[in-house]
Amino acid sequence: MEELGGFSFISLGRGLLGMVVILAIAYAISYKRKKIDWKLVGGGLLIELVFALAVLYIPVFGLMLEEIGKIFVKLMDFTDAGLTFLLGNYASRSNGFVFMIHSLPIVIFFSALVSIFYYWGVIQKVVGAFAWLLRKVMNISGTEGLVSAGNMFMGMTESPVLIKNYLPTMNKSEIFLVMVSGMGTIAGSVMGTYIGMLGGTDPVAKVMFAKHLISASFMAVPGSIVLAKMLCPQTEGATDRAVSTADLSSGEKQNILDAISGGTMTGVKLMVNIAAMLLVFISLVALANYVTDNLIGHYTGLNDWIKASTGGKSEGLTFQYILGIITAPFMWLIGVPTPDITVVGSLLGQKTILNEFVAYAQMEQWKDAGIFMTQKGIIMSTYILCGFANVSSIGILLGGLGVLAPQKRGMISKMGVRAMIGGALVSILSATIIGMILG
């Protein structure tokens, strides 16, 4: 596998080209192109660029993220104690990694931890600090800053609860930012699962992927604001009020045991939901592959041609191969190494059409099978997949926000597809910036 080559003018040019393409897409489908605040756009991009440089080239900053990653990995290890008690020898990884046993239960434990920290007020303080910083640097309203920062720790239906009392009075641009920031980030409760999937049993790999997933979560915050304000610029009076974390409900839990119980039950529901989605979507991919590969590809001879032309990397006319071919030109534009453009493009397609869990599961299989030709391709894929932007999330977001602000339901439904595109562009922008710096 080709290792990282370091910064170069070629990678700089490819990265800048990718950023221009992403911004051009956002500009092309913007609601009000003439109202775009280019100062905000420039400020947000600068924040992302500085953060990426700090992660990769400032040892102290990179080390700090690695230490946070080690904390995540250590917390994941604690789940093994509960699994061993419940499953005994079946919890051992000596016979191989089993996703249902070794990854999904982490969601329950992390969900309970998030609930505990929320009950203690830790999350509110951290989120409040980030919200204050975003208001000062990017000149957005207090509610927008709070929900954007909250998405680093919570899911796209949980973080809007932070501002539930303000949602009914928020304007179109503010609501759109809530939607894009939810689509463009992941919840802290599932980050452990992704780390476990990609890192496997290698502790060094776990820390590396934890570092980049945490970095992706941080970069997605200013990225969400940039893309949301380009797609739906602020044309109405903003809710320019800093929301105090004292105004926020701590989940209305009576005590810490109630918080643990509530977080655990939420984690159980989330784990069952993830397992069910993976079962259905992966089965649907198998069905699609039977039609395209076993039938069309086999009887037309396309399978043999595809295997020969890809050097055996592709098995034939599969669903994954088709997605890779469609998205390959875009992947080249954003700086993905040429040998990996179809692989990374396929993962982006699977994430958008299906969901990020399916895409990360596929990425894990391809990484272990040696399908990736470059380390840069693996890292950029980690960033590209780090978000909830997929077709099914439109319905999830509509259901969640529709309950919190029923009077905004019509507006939310009309902006759903564009918000999904914005969320996808957030992750792609982060990957482009990281790829540009990696070289």
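Residues numbered from 1 in each chain as written. Predicted model: local features only at pLDDT ≥ 70, side-chain atom pairs only at ≥ 80, totals over all residues. Heavy atoms only, no water.

Asker: I keep staring at the overall build of the protein and nothing clicks. Help me out?
Answerer: In terms of regular secondary structure, the protein is built from 18 helices and zero strands. Each of the 439 residues in the protein was classed as buried or not, and the buried ones make up 55%. Total accessible area on the protein stands at roughly 18700 Å², and carbon and sulfur atoms take up 67% of it. (Helix = DSSP H or I, 4+ residues; strand = E, 2+ residues; numbered from the N terminus. Buried < 20%, exposed > 50% of the residue type's maximum accessible area, 1.4 Å probe, protein only. Areas by Shrake-Rupley, 256 points an atom, 1.4 Å probe, with all protein chains shown as cover.)

Asker: Hey, could you run me through a nonpolar patch on the surface in this one?
Answerer: On the surface, Leu279, Val280, Leu284, Leu287, Tyr290, Val291, Leu295, Ile296, Tyr299, Leu302 and Trp305 cluster together into a nonpolar patch covering about 1100 Å² of accessible area. Those elements giving two or more residues to the nonpolar patch turn out to be helix H11 (256–300) and helix H12 (302–309). Top contributing element to the nonpolar patch by residue count: H11, with nine residues. Mapped onto the fold, Leu279 is located in helix H11. (Patch = residues over 30% accessible without salt bridge, like charges linked within 9 Å, V, L, I, M, F, W, Y side chains within 5 Å. Salt bridge = Lys/Arg side-chain N within 4 Å of Asp/Glu carboxyl O.)

Asker: What am I meant to see in the layout of surface pockets here?
Answerer: Gaps left between atoms are located by rolling a probe of water-molecule size over the structure's atoms. Of the voids in this model, the second largest pocket is the one considered here, and its volume is about 520 Å³. If you trace the second largest pocket, you find 19 residues lining it, with Ile68, Phe72, Phe117, Met152 and Phe153 closest to the centre. Going through the elements one at a time, helix H3 (59–87), helix H5 (104–120), helix H6 (122–138), helix H9 (188–199) and helix H10 (203–231) are the ones with two or more residues in the lining of the second largest pocket. Looking at the lining of the second largest pocket, its residues break down into 17 nonpolar, two polar and no charged. (1 Å grid on protein atoms, 1.4 Å probe; cavity = no way out; pocket = protein on both sides within 12 Å on 5 of 7 lines; lining within 4 Å. Points joined across faces, edges and corners; volume = space filled by probe spheres on them. Nonpolar A, V, L, I, M, F, W, Y, C, P; charged D, E, K, R; others polar.)

Asker: Could you clarify how one ought to interpret the environment of Gly18 in this entry?
Answerer: Along the chain, Gly18 falls in helix H1 (residues 9–28). Discounting chain neighbours no more than four positions away, the residues touching Gly18 are Leu333, Ile334 and Thr432. (Contact = heavy atoms within 4.5 Å.)

Asker: Is there a simple way to think about the pattern of salt bridges in this case?
Answerer: Note on pairing: side chains with opposite charge can pair once their charged atoms come close. Summed over all chains, the structure comprises four salt bridges. Linking Glu66 and Lys211 is a salt bridge whose minimum nitrogen-to-oxygen distance equals 3.6 Å. Separated by 145 residues along the polypeptide, Glu66 in helix H3 and Lys211 in helix H10 bring together distant segments of the chain. With relative accessibility at 27%, the residue Glu66 sits in the partly exposed group.

Asker: Got a minute to help me understand a positive patch on the surface in this structure?
Answerer: A cluster of like positive charges, contributed by Lys32, Lys35, Lys172 and Lys414, occupies part of the molecular surface. Assignment of secondary structure puts Lys172 in helix H8 (residues 172–184). (Lys, Arg positive; Asp, Glu negative; His and termini not counted. Charge placed at Lys NZ, Arg CZ, Asp CG, Glu CD.)

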